[in-house]
Amino acid sequence: MFVEVILPVPLSDTYTYFVPENLRAAVFPGSLVSVTFGRNKHYSGVIAYIHTIKPTCPYEIKPIVAVEQSSPVVRRPQLRFWEWLSQYYLCSLGEVAKAALPSGFRKEPSMGYKPKKEVFIRLASQCKTAESLRSTFDSLKRAVKQEQLLLAFIDYSRLFDQNIAEGSLPEAEISKKALLTRSGSGEAALAALINKGILESYSKEVGRLSSDDLPLSDPNRLNSLQQQAYIEILQHFREKNVCLLHGVTSSGKTEIYIHLINETLKLNRQALFLLPEIALTTQITDRLKRYFGNKMGVYHSKVSDNERLEIWNNLLHDEGFQVILGVRSSIFLPFRDLGLIIVDEEHEPGYKQQNPAPRYHARNAAIVLATMHSAKVVLGSATPSLESYFNAQTGKYGYVALNKRFEETELPTIIPVDVKELRRKKQMKSLLSPLLTEKISRLLENGEQVLLFQNRRGFAPMVVCRICDWTPKCRFCDVSLTVHKHSNRLACHYCGSTYPIPAECPECGNKDLKPRGFGTEMVEEELQRIFPEIHIDRMDFDTTREKKSFEAIISRFEQGKTQVLIGTQMISKGLDFEKVGLVGILSADSLINFPDFRAYERAYQLMSQVAGRAGRRKQQGEVILQTSNPEHPLIRQVLNHDYEGMVRLQLEERRMFRYPPFYRLIEINLKHKQTDLLQEMAAEYARMLRQSLGDRVIGPYTPPIVRVQSLYIRKILLKMEISASLNVMREAIENATTHITANRRFKYVTIQYDVDPVG
Ligand code: ADP
Ligand code: ZN
Ligand code: ZN
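Starting afresh in each chain, residues are numbered from 1 along the sequence in its written order. Here every chain gets a letter starting at A, and every ligand a number starting at 1, in the order they are written. Given that this is a predicted model, residues contribute local features only at a pLDDT of at least 70 and side-chain atom pairs are listed and counted only at 80 or more, while totals for whole chains, interfaces and linings are drawn from all residues. Water and hydrogen atoms were dropped before computing side-chain values, which therefore reflect all heavy atoms in the structure.

### With respect to helix 7 (residues 224-239)
With 16 residues, helix 7 ought to run about 22 Å at 1.5 Å a step, and its terminal C-alpha atoms sit 24 Å apart, in line with that. Throughout this description, buried means an accessible area under 20% of the type-specific maximum (1.4 Å probe, protein chains only), exposed means over 50%, and partly exposed covers the range between. What counts as a helix is a DSSP run of H or I of at least four residues, what counts as a strand is a run of E of at least two, and both are numbered from the N terminus. Within the sequence span of helix 7, burial applies to Gln226, Ala229, Tyr230, Ile233 and Phe237. End-on, the buried residues of helix 7 take up no more than an arc of 100 degrees, which puts them together on one face. Residues of helix 7 that are exposed and point over 90 degrees away from its buried face: Ser224, Arg238 and Glu239. Those residues of helix 7 that are buried lie in contact with strand 9 (242-247), helix 8 (253-266), strand 13 (338-344), strand 14 (376-381) and strand 15 (398-402). Contacts described as polar in this section are N or O atom pairs within 3.5 Å, which, within protein, must combine one atom able to donate a hydrogen with one able to accept it, while residues neighboring in sequence count only if both atoms come from side chains. The N-terminus of helix 7 is capped by asparagine 223, whose side-chain oxygen sits 3.2 Å from the backbone nitrogen of leucine 225. Any helix carries an expected span of 1.5 Å times its number of residues minus one. In this description, the arc belongs to the directions extending from the helix axis to the C-beta atoms. Note on definitions: a residue-residue contact is assigned when non-hydrogen atoms from the two residues lie within 4.5 Å.

### Notes on the sheet that holds strand 1 (residues 2-6)
Within a beta sheet, neighbouring strands are joined by backbone hydrogen bonds and run either parallel or antiparallel to one another. A pair of strands is labelled paired if DSSP reports no fewer than 2 bridges between them. The sheet built from 5 strands is open, its strands ordered 2-1-4-3-5 with antiparallel pairing. Of all the strands in the sheet, just strand 2 (15-18) and strand 5 (66-67) have a single pairing partner and so form its edges. With 4 bridges joining them, strand 1 and strand 2 adopt antiparallel strand pairing. Bridged to valine 5 within strand 2 is tyrosine 15. Along the sheet face, helix 1 (residues 76-88) touches strand 1 and strand 4 (41-51) and points at about 105 degrees away from the line of strand 4. Structural elements are reduced to axes, namely lines fitted to C-alpha atoms, with helices fitted over the stretch in contact, and the angle between N-to-C directions of any two is expressed from 0 to 180 degrees.

### Quick notes on the side chain of glutamate 387
Inspection of the secondary structure puts glutamate 387 in helix 12 (residues 386-393). Judged by its relative accessible area of 16%, glutamate 387 is buried. Excluding residues that lie within four positions of it along the chain, glutamate 387 makes contacts with Arg363, Arg598, Glu601, Pro660 and Pro661.

### A short note on the environment of lysine 514
By secondary structure assignment, the location of lysine 514 is in strand 22 (residues 513-516). Linking lysine 514 and threonine 471, residues 43 residues apart in sequence, is a C-alpha distance of 9.6 Å. Leaving out residues up to four positions away in the same chain, lysine 514 has contacts with Met462, Val463, Val464 and Arg466.

### So, the packing of aromatic side chains
Centre distance and the angle of the planes are the two values used to describe a pair of aromatic rings. Stacked, edge-to-face and tilted labels apply to pairs of Phe, Tyr and Trp rings (six-membered ring for Trp) whose centres lie within 6.5 Å, assigned for plane angles under 30 degrees, over 60, and everything in between, in that order. As enumerated under the stated definition, the model contains 18 aromatic pairs in all. Taking the centre distance of 6.5 Å and the plane angle of 45 degrees together, the rings of phenylalanine 81 and phenylalanine 332 count as tilted. Here the residue phenylalanine 81 occupies a position in helix 1, and phenylalanine 332 occupies one in the loop between strand 12 (323-326) and strand 13, the gap between them amounting to 251 residues. Linked through ring pairs, Phe81, Trp84, Tyr88, Tyr89, Phe332 and Tyr360 together constitute an aromatic cluster. When the ring centre of tyrosine 712 is taken as origin, the NZ or CZ atom of arginine 707, which lies over that ring, is 5.8 Å away. Two conditions define a charge located above a ring, namely a distance within 6 Å from the ring centre to NZ of Lys or CZ of Arg, and an angle within 35 degrees of the ring normal.

### A closer look at the coordination of the zinc ion (ligand 2)
Counted as coordinating are nitrogen, oxygen and sulfur atoms within 2.8 Å of the metal, or 3.2 Å for Na, K and Ca, while water is not included, which may make sites look incomplete. Those protein atoms acting as donors to the zinc ion (ligand 2) are Cys465 (SG), Cys468 (SG), Cys505 (SG) and Cys508 (SG), and they sit at 2.2 to 2.4 Å. With 4 donor atoms in place around the zinc ion (ligand 2) and angles of 103 to 117 degrees between them, the coordination shape is tetrahedral. A residue is classified by how much of its surface remains accessible, and cysteine 465, at 1% relative accessible area, is buried. Square planar and octahedral sites, with four and six donors, are those where opposite donors lie more than 155 degrees apart and all other angles lie between 65 and 115, tetrahedral sites have four donors with every angle between 85 and 135 degrees, and the rest are irregular.

### Some remarks on the site of ligand 1
Here a residue counts as near a molecule or strand whenever at least one of its heavy atoms sits within 4 Å of it. Of all residues adjacent to ligand 1, which total 17 residues, the nearest are Arg221, Gln226, Lys253, Thr254 and Arg287. Here arginine 221 contributes a backbone N or O atom positioned 2.7 Å from a nitrogen atom of ligand 1. Between arginine 287 and ligand 1, the recorded distance is 2.8 Å, taken from a side-chain N or O atom to an oxygen atom. The accessible surface values rely on the Shrake-Rupley method and a 1.4 Å probe; as for residues, cover is taken only from the protein chains in view. Relative to its unbound accessible surface of 550 Å², ligand 1 loses 84% to contact with the protein.

### Brief notes about the sheet that holds strand 20 (residues 489-491)
Pairing is antiparallel across the open sheet formed by 3 strands, whose spatial order is 19-20-21. Strands at the two margins of the open sheet, each flanked by one partner only, are strand 19 (482-484) and strand 21 (498-500). Going from strand to strand, the sheet's axes swing by 35 degrees on average, the running direction of each strand aside. Sheet topology note: the strand 19/strand 20 ladder contains 3 bridges and is antiparallel. Its bridge partner being in strand 20, histidine 484 is matched across the sheet by arginine 489.

### So, unusual backbone geometry
Here the residue pair proline 660 and proline 661 is connected by a cis peptide bond, since its omega of 5 degrees sits within 30 degrees of zero. With respect to the helices and strands, the residue proline 661 is situated in the loop between helix 20 (643-656) and strand 27 (663-672). Omega for the peptide link from glycine 699 to proline 700 comes to 10 degrees, which places this bond in the cis form. Within the secondary structure, proline 700 sits in strand 28 (residues 697-701).

### Quick look at the pattern of salt bridges
One speaks of a salt bridge when a side-chain nitrogen belonging to Lys or Arg is within 4 Å of a carboxyl oxygen belonging to Asp or Glu. By the definition in use, this model includes 31 salt bridges. Taking the shortest distance from any N to any O, the salt bridge between arginine 122 and glutamate 200 comes out at 2.8 Å. Of this pair, arginine 122 sits in strand 6 (residues 116-123) while glutamate 200 sits in strand 8 (residues 199-206), and the two are 78 residues apart along the sequence. For the salt bridge of aspartate 540 with arginine 538, the shortest nitrogen-to-oxygen distance reads 3.0 Å.

### A short note on empty space enclosed by the protein
Within this scheme a cavity is a closed region of a 1 Å grid, computed over the protein atoms alone, that accommodates a 1.4 Å probe without allowing it to escape, whereas a pocket is open but has protein on both sides within 12 Å along at least five of seven lines; lining residues each have an atom within 4 Å of a point. Grid points are joined across faces, edges and corners, and a volume is the space filled by probe spheres set on the points. Inspection of the entire model under this criterion finds 1 cavity of 30 Å³ or more. Roughly 40 Å³ of volume is contained in the largest cavity. Lining the largest cavity, in full, are Asn223, Leu225, Gln226, Ser251, Leu402, Lys404, Arg405, Phe406 and Glu408. Throughout this entry, Asp, Glu, Lys and Arg are counted as charged residues, while Ala, Val, Leu, Ile, Met, Phe, Trp, Tyr, Cys and Pro are counted as nonpolar. The remaining residues, Gly among them, count as polar. Of the residues assigned to the lining of the largest cavity, the class counts are 3 nonpolar, 3 polar and 3 charged.

### Concerning the domain arrangement of the protein
Marked domain ranges trace back to an automatic or database domain assignment. Its domain assignment divides the protein into domain 1 (2-105), domain 2 (116-206), domain 3 (224-404), domain 4 (413-456 + 532-653), domain 5 (460-517) and domain 6 (663-755). Tallying the contact residues gives 8 residues for domain 5 and 6 residues for domain 6. Roughly 600 Å² is buried in total at the junction of domain 5 and domain 6, and carbon and sulfur atoms are behind 53% of that figure. Once two parts are brought into contact, the accessible area they lose, counted with a 1.4 Å probe and summed over both, makes up the buried area. Ranking the residues of domain 5 by area buried against domain 6 places Phe476, Asp478 and Tyr494 at the top, with a combined share of 66%. For the interface between domain 5 and domain 6, the tally reads 0 salt bridges.

### Some remarks on helix 22 (residues 726-742)
Here helix 22 contains 17 residues, and its C-alpha end-to-end distance of 24 Å stays within 8% of the 24 Å for a straight helix at 1.5 Å per residue. If you check the start of helix 22, you find a side-chain oxygen 3.1 Å away from the backbone N of asparagine 727, and it comes from serine 725.

Encoded structure:
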């Protein structure tokens, strides 16, 4: 008996091992086994399948060493899903396994995880009949505190929620912590009751994730528009597996999701609620916990390794979580039977994994995952991706629109401010135009709040010598360094290395180095200078590295402790604040001028999403949009909330220049330390590809950033018709790669594939 084992190494797909007699009963597809690999290195791997065909290979087949858990850790639909991921995204099964399995599975057993224990309280056995409980109460008449605590125990443990038959009382328990905090009682009263043999305490293993049982609420009733949308979604699901819910910000999409999840749970099927980024989970977690309580697990990058393992193991039980709220990697969890996947803010680029492989798109992968479970998918957005919108237009997906906000407030008014004109007239005295400054000041007087959006972190994207134009660059990457005043360093946003800020220009000795452009730190400094008395917070990559920092920033703003929140794209997504009357977009130009075929689509989405944070309840909000090009077609579309207009224009261009959704892109990145060798290699690679793929091959070309982390980069782009065979394309790529890597001169090249790249 042999098994094919998936090992978390990027080389091949599976490795064959021999199963010794004593382990035969214990191996299944999906079992976690330990094996030796290479020079006696120990690895944990997952069994892909079992067979009896002795491989014809020159070396000896090794046995598996042990089966690590009594039952499989990966379910069968998952194995099929891994297979698909590796085929479609051009990577090995090992790379998929590495991305999918919590790292806890790969640790040495002794370092493994310790279950968390908690103290619980229940009735002592001598007190377990209605009769004895009654007499106990009589005996406590003079011990008021103990009597109260016992009453509280009965209440919170829901002892009498269940029907009591004659004789003994049902089992009921509550954690000691919850009992004491909710009853407001002290340790002494509890100790007394335990001493008297009325209550008893014991310790029990609990999930790290489980919170106390709070009473669950019923979902809000949908209003008539929501109800209609909800019915339409269900109607589409009779014929289609995917439905796009295109609802303006604050139209109540989340409420509709909650109703759909509820229906799924009634059928005893599971639901996965995907979000693009952890920043969003805070608010939605609180909201969903009210309805799904402990039936829901939360999975994201700031969840610890132990918690990941625990969620995974929980889902391996048939009684495990019914709802998972999570970021892209939660598509890898071992679902028993998914009935529904919600992809909220489906247009967000955060759904795309950039590095390492598999470079998957969680929205697209979720749709494939859903077919493996016969589940339905809702894609939700106020500004759908062109791909999804196109699929809805052409009838592949169902389409449901929600055009009114829940409170019927109008969408915000967007007022353009021409900063070029203001600069010419010398009226632009700070980063904030006079109109923006005036509006902020009026709003703050009213006790309302302001969001300011600038999609660059740090103080300034570069410094320049006033005399000779010298600008500091990263030693490892071909990019200029960003000034960070807060840490008083220059930083490379590509490799993370930092440098001291030079006191003078090393070229000419000039001491006058000037920052060029501006980031969130500079906005903060300017704003504080203009409004010295207000409280400002900043939400960007630099201020959110710590585990709880998102929560802290969001909750300070919710509680009104901060009046202005400045942020990068992090503040554009799904956050729901009550008192934001004004949103300022400080520089629309940098978004529009980005060198990527999705730049306009993305700029539209970012600006209308961030604008959507204004006036979400009751009152219409305002948005000030600063730009040096107010007549730009894209700016006009943003001002007029003209999503359809944007789509029409963009789709025309995409069709003309062979881009998605009309074509499928595959980017091949070649990297090497030496630029000449790389150029030669890339030309050869492209030549090989052209032999079978012809003019679908673009390049090689040099990307805007020539070098990152000491490696030069050349790119080759494939533009494939959507109907083109993936097998033909995969073969062509494999051939070219084999050809290149067989040449000893090109030995140290790195080759990466990115299918459906997102810039
Ligand atoms: P979206 O997800 O489309 O941005 P939300 O679901 O967050 O919109 O709804 C916006 C606001 O309106 C939220 O504060 C939500 O609680 C409220 N809301 C939406 N639908 C209902 C409903 N049916 N009953 C009560 N409140 C609702
Ligand atoms: Zn100089
Ligand atoms: Zn760098």
